[in-house]
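Breakdown of the fold
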Amino acid sequence: MPALTRAEFLKLSGAAAAAGLTTAAGCQAGGGASRPDMIVTNARVYTAEYANGGPTMDQAEAFAVTNGRFSAVGSTEEIANLAGPGVEVVDAGGMTVVPGFIDAHCHPGGMRDLFEVNLDVRTVDDIKLALRAAAADTQAGYWVDGFKYDDTKVPENGVYRRINKHDLDEAVPDHPVQVSHRGGHIAWYNSKALEMAGVDNSVTDPVGGRFERDENGELTGLVQQKAREVFDGIGRRRVYGRSEFRQGVAHMSKLMTAAGITSVHQTGGDSDGLRALEDAYAAGELRYRMYYFPSGDSDLYAALKAAKVYSGFGNEWLRIGAVKFGADGSASGRTMYMSTPYEGTDDHGILTMQPEEILEAVEDAHAHDFHIGIHANGDLTIGYVLDAYEKVLAESPRDARHRIEHCSLVNPDLLARIRDTGSIPTPFWTYVHYHGNKWVEYGDEKMKWMFAHKSFLDYDIKVAGASDYVPGPYEPMMALQAMLTRKDMEGRVWGDNQKVNMDEALRIGTIHGAWASFEENLKGSIKAGKLADFVMLEEDPHDVAMSDPDRLKEIIVHRTVVGGRTMHQV
């Protein structure tokens, strides 16, 4: 696809809103409005809307798009009458069309994907080989950074063994090495890195962090959560320029729109990340819409508060999102903070913000009119976050929709409190399937209340779909499969009680994501007047769910359209 010009982007995102709404009324009335830019006919259209509280999702056969918005939705016969000179006519040939998917929590900066060592491999030898090759091209004193390592996907002699500092020493003895777990909250370091940071077996664990030791008290090289801060400022790392940041954005938006994602909530970032999005937008390389969260400790958040700019500022393509804080550990890294321990241990996980710190952050952000998103996986952590939300909403009520990022382990009491505060949970939607080997350490009983999409719906909570990429795969088709089957990659079922049906899964991935950014009147469903963001699928996921639900992730995304412009096509 050729890059969109800035003028084209402005056409899609500027004053077209009013024109689109006017055209919508004109087309539906069959009046004298201008012709649409595009019509799609002969499709199975699932709108994500429910008419009059009906039990099944509204369907249509066709729709029209004018000035980047849906302008009419109806039968093929009705919409075909709108064709004429200059109108792009797309005959779907019976394919399925759904609203564009919204990934309500992920980290798609793209820099690591382009410039770090990808360790999404399946043997320790391959890890060593990749690190060794990178080190050969790295100047003395500089770090070798690997990412996407997944300890439960690298077997050795038929069992899974985590890497350690000795493996890294063998691969790279002379450079500091960091290998980040795919979950992002833990990392392994070689002896050179530990030495440069002044870390030896006598080191003590900081509050909110941990240095793993073996049975003899020797450091293994695994460093968890805030303990990783000891490496800040140690050694030298490559400095990336403005052009490279923009390349990262362009790379990820191309990949994610190819998977059917039309909007993304990037949860955590700074001014460099925002500028990269602005640069990609200006260059016509930003293919999806962005709700961008400043990190709570970032220069960007401080500057926005000083300028009295808050969540929602921006346009239909790029908007300031919630402020992001992190209060506990990782689900996939097995460090989230829980009331009961991991199976066979006395380890309850790691809390990275104390309750008083959570409250202080929430009070300040709420007072500055910010939407708030706090990473809280474990049930205890979720409770602390809700304590803070309840307090500020009692003192200063508004439709805040404050969020609980991940919100992994819940219970009936927490569900009721989430509902009553109007909070938005964003649980992982591909994790059950992709990360199955990790759930052994949580056990069956916990898994009945983890990634609890069905329970959220039962409590009338607008749960949003979220991949957390890099930690989880971002593909919505895998997400549909995971939410419907609760099966991991080995066929084990985790939390059968949390299965949802296809209409529910589609709503989670579309209109609920729009609700989570206060944009439900702008996007998230196929409705006249809304932004024309949609996905054409080569198979109907409803049919596949009935015949072979384990094949849902194989459905091909034929076409992805954002604002009436095709961003991906097979």
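For the structure, see preceding data.
In this report, we go over the structure that sits alongside the text. This is a predicted model, so every value here is computed, not measured. (Residues numbered from 1 in each chain as written. Predicted model: local features only at pLDDT ≥ 70, side-chain atom pairs only at ≥ 80, totals over all residues. Heavy atoms only, no water.)

To continue, consider the sheet that holds strand β14 (residues 186–189). Sheet architecture is open: six strands sit in the order β9-β10-β13-β14-β16-β15, paired in mixed fashion. Pairing within the sheet leaves two strands with one partner each, and these edge strands are β9 (117–118) and β15 (209–213). When β9 meets strand β10 (residues 144–149), the two strands line up parallel, connected through two bridges. By the bridge assignment, Asn118 is partnered in β10 with Phe147. (Pairing = 2+ DSSP bridges. Helix = DSSP H or I, 4+ residues; strand = E, 2+ residues; numbered from the N terminus.)

This part covers the sheet that holds strand β3 (residues 59–60). Strands sit in the order β3-β2-β7-β24-β25-β26 across an open sheet of six strands; the sheet is mixed. The two strands at the open ends of the sheet, each matched to only one other strand, are β3 and β26 (565–569). Where strand β2 (residues 44–46) meets β3, two bridges bridge the pair, whose relative direction is antiparallel. Bridged to Val45 within β3 is Ala60.

The full count for this structure, using the stated rule, is 19 aromatic pairs. Ring geometry for Phe63 and Phe534: centres 4.9 Å apart, planes at 75 degrees, overall edge-to-face. Highlighted residues: Phe63 in strand β4 (residues 62–66) and Phe534 in strand β24 (residues 534–537), separated in sequence by 471 residues. For Phe534, a relative accessible area of 1% translates into the label buried. Taking the centre distance of 5.7 Å and the plane angle of 80 degrees together, the rings of Phe428 and Phe451 count as edge-to-face. Taken together, the residues span a long stretch of sequence, with Phe428 in the loop between β23 (424–426) and α14 (431–434) and Phe451 in the loop between α15 (444–447) and α16 (453–458) at a distance of 23 residues. On the accessibility criterion, Phe428 (3% relative accessible area) is buried. Connected via pairs of aromatic rings, a cluster forms that spans Tyr342, Phe428, Tyr431, Trp439, Tyr442 and Phe451. (Phe/Tyr/Trp six-rings, centres within 6.5 Å; stacked < 30°, edge-to-face > 60°. Buried < 20%, exposed > 50% of the residue type's maximum accessible area, 1.4 Å probe, protein only.)

Along its 13 residues, helix α5 (residues 124–136) runs 19 Å from first to last C-alpha, staying within 8% of the 18 Å computed at 1.5 Å per residue. Listing the buried residues of α5 in full gives Val124, Ile127, Lys128, Leu131 and Ala135. Buried positions in α5, seen along its axis, are confined to an arc of 95 degrees and lie on one side of it. Residues Asp125, Leu129, Ala133 and Ala136 are exposed on α5 and point more than 90 degrees away from its buried face. (Expected span 1.5 Å × (residues − 1). Arc of directions from axis to C-beta.)

Our next topic: the nonpolar core. Ranked by internal contacts, the top residues of the largest apolar core, which has 81 residues, are Ile374, Ile404 and Phe456. Aside from chain neighbours lying at most four places away, what touches Ile374 is Phe325, Ala327, Ile358, Val362, Val385, Tyr389, Arg403, Ile404 and Glu405. Among the nonpolar cores identified, the runner-up in size contains 18 residues, and Val117, Ala135, Leu168 and Val177 belong to it. (Core = buried A, V, L, I, M, F, W, Y, C linked by side-chain atoms within 4.5 Å. Contact = heavy atoms within 4.5 Å.)

Cis peptide bonds are those with omega within 30 degrees of zero, and the linkage from Tyr469 to Val470 qualifies with 25 degrees. Turning to its location among the elements, Val470 is positioned in the loop between α16 and α17 (476–485). Phi is positive for Gln225, close to 55 degrees, though the residue is something other than glycine. Mapping Gln225 onto the fold places it in strand β16 (residues 219–225). Overall, the relative accessible area of 5% leaves Gln225 in the buried class. Located in the positive-phi region is Phe451, a residue other than glycine, with phi close to 50 degrees.

A word on the packing of helix α8 (residues 242–258) against helix α9 (residues 271–282). As a packed pair, α8 and α9 sit with axes 8 Å apart at the nearest point and diverge in direction by 70 degrees. In terms of axis orientation, α8 runs roughly perpendicular to α9. Judged by residue contacts, Arg242, Phe245, Arg246 and Val249 of α8 engage Asp272, Arg275, Ala276, Leu277, Asp279 and Ala280 from α9. (Axes fitted to C-alpha atoms, helices over the stretch in contact; angles between N-to-C directions. Parallel < 35°, antiparallel > 145°, perpendicular 65-115°, else oblique.)

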